[in-house]
Amino acid sequence: PQFEQSSLQAVHQQRREMLSNVCSRYTRKRRLLQPDDLRHLVVDDTHGLLYCYVPKVACTNWKRVMMVLTGQGKYQDPLGIPAHEAHVPSNLRTLSEYSVPEINYRLRSYLKFVFVREPFERLVSAYRNKFTLSYNTAFHKRYGTKIIRRHRRQPSDRALERGDDVRFEEFVYYLLDPRTQQEEPFNEHWERVHSLCHPCIIHYDVVGKYETLAEDANYILQLVGADASVKFPASSKTTRTTDDMTAQFFQDISPFYQRRLFNLYKMDYLLFNYSIPSYLRIR
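On a predicted model such as this, the values are computed, not experimentally measured, just so you know.

Conventions we followed
Residues numbered from 1 in each chain as written. Predicted model: local features only at pLDDT ≥ 70, side-chain atom pairs only at ≥ 80, totals over all residues. Heavy atoms only, no water. Helix = DSSP H or I, 4+ residues; strand = E, 2+ residues; numbered from the N terminus. Rg over C-alpha atoms; globule rule 2.2 N^0.38 Å. Buried < 20%, exposed > 50% of the residue type's maximum accessible area, 1.4 Å probe, protein only. Contact = heavy atoms within 4.5 Å. Areas by Shrake-Rupley, 256 points an atom, 1.4 Å probe, with all protein chains shown as cover. Lys, Arg positive; Asp, Glu negative; His and termini not counted. Charge placed at Lys NZ, Arg CZ, Asp CG, Glu CD. Disulfide = S-S within 2.5 Å. Domains from an automatic or database assignment. Buried area = accessible area lost by both parts, 1.4 Å probe.

**Regarding the overall build of the chain**
- Helix and strand content of the chain: 14 helices and 4 strands.
- Over its C-alpha atoms the chain spans a radius of gyration of 20 Å, differing by no more than 12% from the 19 Å that the globule rule assigns to 283 residues.
- With the C-alpha coordinates of the chain rotated into their principal frame, the extents come out at 60 × 40 × 40 Å.
- Looking at the chain as a whole, 49% of its 283 residues are labelled buried.
- For the chain, contacts bridging at least 24 residues in sequence account for 70% of all contacts bridging at least 6.
- Accessible surface, the chain: about 14,800 Å² in total, of which carbon and sulfur atoms supply 50%.
- Of the side chains in the chain, 41 bear a positive and 32 a negative charge, and the two mean positions are spaced by 4 Å.

**Topic: the state of the cysteines**
- Under the counting rule described, the total for this entry stands at 2 disulfides.
- Through a disulfide, cysteine 23 is tied to cysteine 200; the S-S separation comes to 2.0 Å. Disulfide cysteine 23-cysteine 200: torsion about the S-S bond near -85°, hence left-handed. On the criterion of sequence distance, the pair formed by cysteine 23 in helix H1 (residues 2-26) and cysteine 200 in the loop between helix H10 (193-197) and strand E4 (206-209) is long-range, its members being 177 residues apart. The residues cysteine 23 and cysteine 200 share a single accessibility class, namely buried.

**Examining the domain arrangement of the chain**
- Structurally, the chain comprises domain 1 (1-119 + 190-224) and domain 2 (120-187 + 241-268).
- The straight-line distance from the C-alpha centre of domain 1 to that of domain 2 is 27 Å.
- At the junction of the two partners, domain 1 supplies 16 residues and domain 2 supplies 22 residues.
- Together domain 1 and domain 2 conceal approximately 1,900 Å² of surface at their shared face, both sides included; 57% is due to carbon and sulfur atoms.
- Of all residues in domain 1, the largest losses of buried area upon contact with domain 2 belong to Pro119, Trp190 and Arg192, amounting jointly to 50% of the total for that side.

If you want it as structure tokens, here you go:
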């Protein structure tokens, strides 16, 4: 319906303006994009589409949809694609794989979109997924053991070896520890959206929000003229990290660390127009 389209257009226009205002206020000098900056931009050459994926913001389902859009009929139903398949790098091309003229052409002429989420809700979602589920042993070994070694007093040998019982508070200390980012960039699951997708350098046509996922997803699919049979999967609400749940995780974090963590993610709050969560004690 026409009315729905025009009200959605207005919403997206507002989001773009907000983004552009914050960018011009906070970024002094525009730097040039490097190939490394483009590893999160998935390309659909059939529909002229660029999607910057952000982990913990419906990115598995978006990658599934992109596989249907780019698969030349190989895939019909996004939900028919196993989750691990969606994350196999060779199943989708990213912009970093193209030559400089090809990159510039796509940045100029393709529809570019990104999906964002309330930053602390996304952070708690990443923590729950990577540190509280028993099957994520790779994360426990790679990050959990380091977090426990550095941020737990008198850790047990078992905890040091397995790294599978990281507390949220310890995860926060790890994020704020200056050594963390000196040693390597943040993992993409807790890296800030502005560092993954560079919204002040790349001008996104659509900034979708996790909070309005279904309508924003349909809007994008309509804009690029995707086949009507391609539907964005409805989300499963059962295990979703909510605002209330996020508030509980922050109960045990002192106001001092709450403020420092907020400052770490502040640009995402500003760029994407999220207000300071009411449960924080930093006013």
